[in-house]
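# Structural description and commentary
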Amino acid sequence: YNYQQKTCGNPPNNSVGVYIGIPFCPTRCLYCSFTSNQVGDAEITRYLEALKTEIRYVGRRMRETGLTAESIYIGGGTPTTLTAEQLDDLLQTVEDNLDLRMLKEFTVEAGRPDTITYEKLEAIHKHKVERISINPQSMKERTLELIGRSHEPSDIVKAFQKADQVGIPIVNADLITGLPEETPEDFARTLDEILALDPENITVHTLAVKRASRLVDVDKDFHYKQAQTVAEMLKIAKEKLKAAGFRPYYLYRQKHMAGAFENVGYCKDDTPSIYNIRIMEEKQTILALGAGAASKFVFNSGDGHRIERVENVKSVKDYIERIDEMIDRKKKFLLKSENSF
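Residues numbered from 1 in each chain as written. Predicted model: local features only at pLDDT ≥ 70, side-chain atom pairs only at ≥ 80, totals over all residues. Heavy atoms only, no water.

## Describing the packing of aromatic side chains
Stated formally: Classification of ring pairs uses Phe, Tyr and Trp, with its six-membered ring standing for Trp, and accepts pairs whose centres are within 6.5 Å; under 30 degrees between planes counts as stacked, over 60 as edge-to-face, and the remaining range as tilted. To qualify as a helix, a DSSP run of H or I must reach at least 4 residues; to qualify as a strand, a run of E must reach at least 2; elements of each kind are numbered from the N terminus. Burial here depends on accessible area, computed with a 1.4 Å probe over protein chains only, as a share of the maximum for the residue type. Under 20% is buried, over 50% is exposed, and the range in between is partly exposed. Whether a charge sits over a ring comes down to the Lys NZ or Arg CZ being within 6 Å of the ring centre and within 35 degrees of the ring normal.
Within this structure, the stated rule accounts for nine aromatic pairs. The interplanar angle of 20° and the centroid separation of 4.9 Å between the aromatic rings of Tyr-73 and Tyr-275 together place this pair among those described as stacked. Of this pair, Tyr-73 sits in strand E2 (residues 68–76) while Tyr-275 sits in helix H10 (residues 274–281); the two residues are 202 residues apart in sequence, bridging distant segments of the chain. What makes Tyr-73 buried here is its relative accessible area of 13%. Joined through ring pairs, the aromatic side chains of Tyr-19, Tyr-73 and Tyr-275 make up one cluster. Directly above the ring of Phe-299 sits Arg-306, whose terminal nitrogen or CZ lies 4.2 Å from the centroid.

## Concerning the pattern of salt bridges
Selection rule: Between Lys or Arg on one side and Asp or Glu on the other, a salt bridge is scored when a side-chain nitrogen of the former is within 4 Å of a carboxyl oxygen of the latter.
Taken as a whole and assessed by the stated rule, the structure comprises 27 salt bridges. Between Asp-198 and Lys-268 there is a salt bridge; the shortest N-O distance is 2.4 Å. Taken together, the positions of Asp-198 in the loop between helix H7 (184–196) and strand E6 (201–206) and Lys-268 in the loop between strand E8 (263–267) and H10 put the pair 70 residues apart, joining distant regions of the chain. Residue classification places Lys-268 among the buried residues on the basis of a relative accessible area of 13%. Between Arg-322 and Glu-325 there is a salt bridge; the shortest N-O distance is 2.9 Å. By relative accessible area, which is 30% here, Arg-322 ends up partly exposed. The exposure class of Glu-325 is partly exposed, given its relative accessible area of 31%. A network of salt bridges, in which partner residues are shared, links Glu-70, Lys-104, Arg-278 and Glu-281.

## So, the side chain of Gln-284
Heads up, the condition is: In protein, a polar contact means a hydrogen-donor-capable atom and an acceptor-capable atom, both N or O and within 3.5 Å, with residues adjacent in sequence counting only if both atoms are side-chain atoms; elsewhere, any N or O pair within 3.5 Å suffices.
Here Gln-284 shows up in the loop between H10 and strand E9 (286–289). Polar contacts involving the side chain of Gln-284 include one to the side chain of Ser-15, which spans 2.8 Å. For Gln-284, the side chain forms a polar contact with the side chain of Glu-70, separated by 2.9 Å.

## Considerations on the environment of Ile-202
The following threshold applies: Whether two residues are in contact is decided by their heavy atoms: any pair within 4.5 Å suffices.
Take Ile-202: it is sitting in strand E6. The buried category is assigned to Ile-202, whose relative accessible area is 0%. Here the alpha-carbon distance between Ile-202 and Leu-191, two residues eleven residues apart in the chain, equals 9.4 Å. In contact with Ile-202, not counting residues within four places along its chain, are Asn-172, Ala-173, Leu-175, Leu-191, Ile-194, Leu-195, Leu-241, Phe-246, Val-264, Gly-265 and Tyr-266.

## A word on H7
Which entries qualify depends on this criterion: For a helix, the expected span equals 1.5 Å multiplied by the residue count minus one.
The first and last C-alpha atoms of H7 sit 18 Å apart over 13 residues, in line with the 18 Å expected at 1.5 Å per residue. Buried residues of H7: Pro-184, Asp-186, Phe-187, Ala-188, Thr-190, Leu-191 and Ile-194, and no others. Looking at the buried side of H7, the elements it contacts are strand E4 (131–137), helix H6 (153–166), strand E5 (170–177), E6 and helix H9 (227–243). Looking one or two residues beyond H7, the residue adopting positive phi is Asp-198, at roughly 65°.

## A few points about the packing of helix H2 (residues 41–65) against helix H12 (residues 323–331)
Test applied: Axis lines are fitted through C-alpha atoms, for helices just across the contact stretch, and the angle between N-to-C directions can take any value from 0 to 180 degrees. In these notes the angle categories are as follows: under 35 degrees is roughly parallel, over 145 is roughly antiparallel, 65 to 115 is roughly perpendicular, and the rest is oblique. When the near helix sits turned anticlockwise from the far one by under a right angle, the crossing is termed left-handed; a clockwise turn instead gives a right-handed crossing. Each residue receives one of three labels: charged for Asp, Glu, Lys and Arg, nonpolar for Ala, Val, Leu, Ile, Met, Phe, Trp, Tyr, Cys and Pro, and polar for the others, Gly being one of them.
Contact pair H2 / H12: the axes reach a minimum separation of 10 Å and the direction vectors enclose 25°. Judged on the interaxial angle alone, H12 and H2 are roughly parallel. As H2 packs across H12, the resulting crossing turns out to be right-handed. Listed contacts from H12 to Ala-50, Thr-53, Glu-54, Tyr-57 and Val-58 of H2 are Ile-323, Ile-327, Lys-330 and Lys-331. Residue composition of the contact of H2 with H12, grouped by class: five nonpolar, one polar and three charged.

## Re H2
In an α-helix, one full turn covers 3.6 residues, which means residues spaced three or four apart are oriented alike. An ideal rise of 1.5 Å per residue puts 36 Å on 25 residues; H2 measures up with 36 Å between its terminal C-alpha atoms. A positive backbone phi angle near 75° is found at Gly-66, which sits one or two residues after H2.

## Brief notes about the side chain of Thr-107
Mapped onto the fold, Thr-107 is located in strand E3 (residues 105–111). Thr-107 has contacts with Ile-72, Tyr-73, Ile-74, Val-129 and Arg-131, leaving out every residue within four places of it along the chain.

Worth remembering: the numbers are spatial, not functional.
Printed below as a string of C-alpha cells:
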C-alpha cells in the first residue's frame, strides 16, 4: 500500500479509468469465468460497431462533464482475437473520441500468444499503447493442453520476441498457481522461463474455481485440495521475484480461491499498472464499455463515499441489439449535476 501511494498517489480530480471489453477468445480455458465467446467474423464486426457507438457516447459525455481518462485498459476475452485492421480502427475510435490529454497509461491485454502477430502489435504501438499483457499461465505443455489452450510454450517465447521487436515498453505476464497436475517444481520452471523473457510486470494468480467455469463441472472442490501446493508456489514466486528485482504493488482476493490466498501483481523499475491499482482500491470511477463490462461509479461528497455498479449485458447478441439501453444505463451517472467524483 505504501508503494502504491508513493508511485501512484490518489486519483486526480475528475479523472476516470476506462475499460473496453473485447469478449472473444479462440477457445475457452478450463478455469475461465469471464465473458468469452467463440463467434464468426460477421458477429465480431457487428459487435465492434455497437462498441464504437458506446465509445462515442461516453467520450462526448466525458467532454461535456469535464472528465478525463487517467488510464485505458482494453481487456477481454482476448482483444488480439481481432485482426490488425480491426484493432487499428478501434484504437483510432478511442483516440478520436476520448479526452486523452491527462492519460498516463494505455494497456491492451494481448493475452493468448496464439493470437499475437507482428502486424497486430504494430497497430497497437502505432496508437501509443505502452503496455500489453501476454498471459502464459504456464510454460508446461501438458498443462496448456489440460486447461484448453491451443498454443505451445514456444509460442509464448515468440510473442515476447515480437513485442520486443515492435518496441512495446512494458509487458506483463500472467501466471496461475494451482493448475491441474502442476507441482511446485513445475511452477518454479515456468517462473524461471518467464523471467528469462524479461517482462516488466508479472502477475501471480491463485486458481479460483468459479461457477461460470468448466472446471467447476469437473471438480467443484478442486481448489480446496490445492491449498498446500499453492502455498509452496506462492512462496517460490515471492522469493524468485524479489531476487530478480521485482516488488509487489497490488493484491486482491476473490471467492473460491485455492487456500484462500490471493492474486499479487509484481513490477520492476517502478512500472506498476495504474489501472490495476485504481480498480481494486475503488477510489476512482471506472467507465466500462462492451458486453459484460461493469462500470463502477465512485461518488465522494459530504455524505461520504459510495459506489454504484452499472452493468452491461453479457450476451454479445443482446449487447448489439440493446446498445441504446446500455447507453441509457449510464446516462444519469454522466450528467453534470450527478458528477461528484
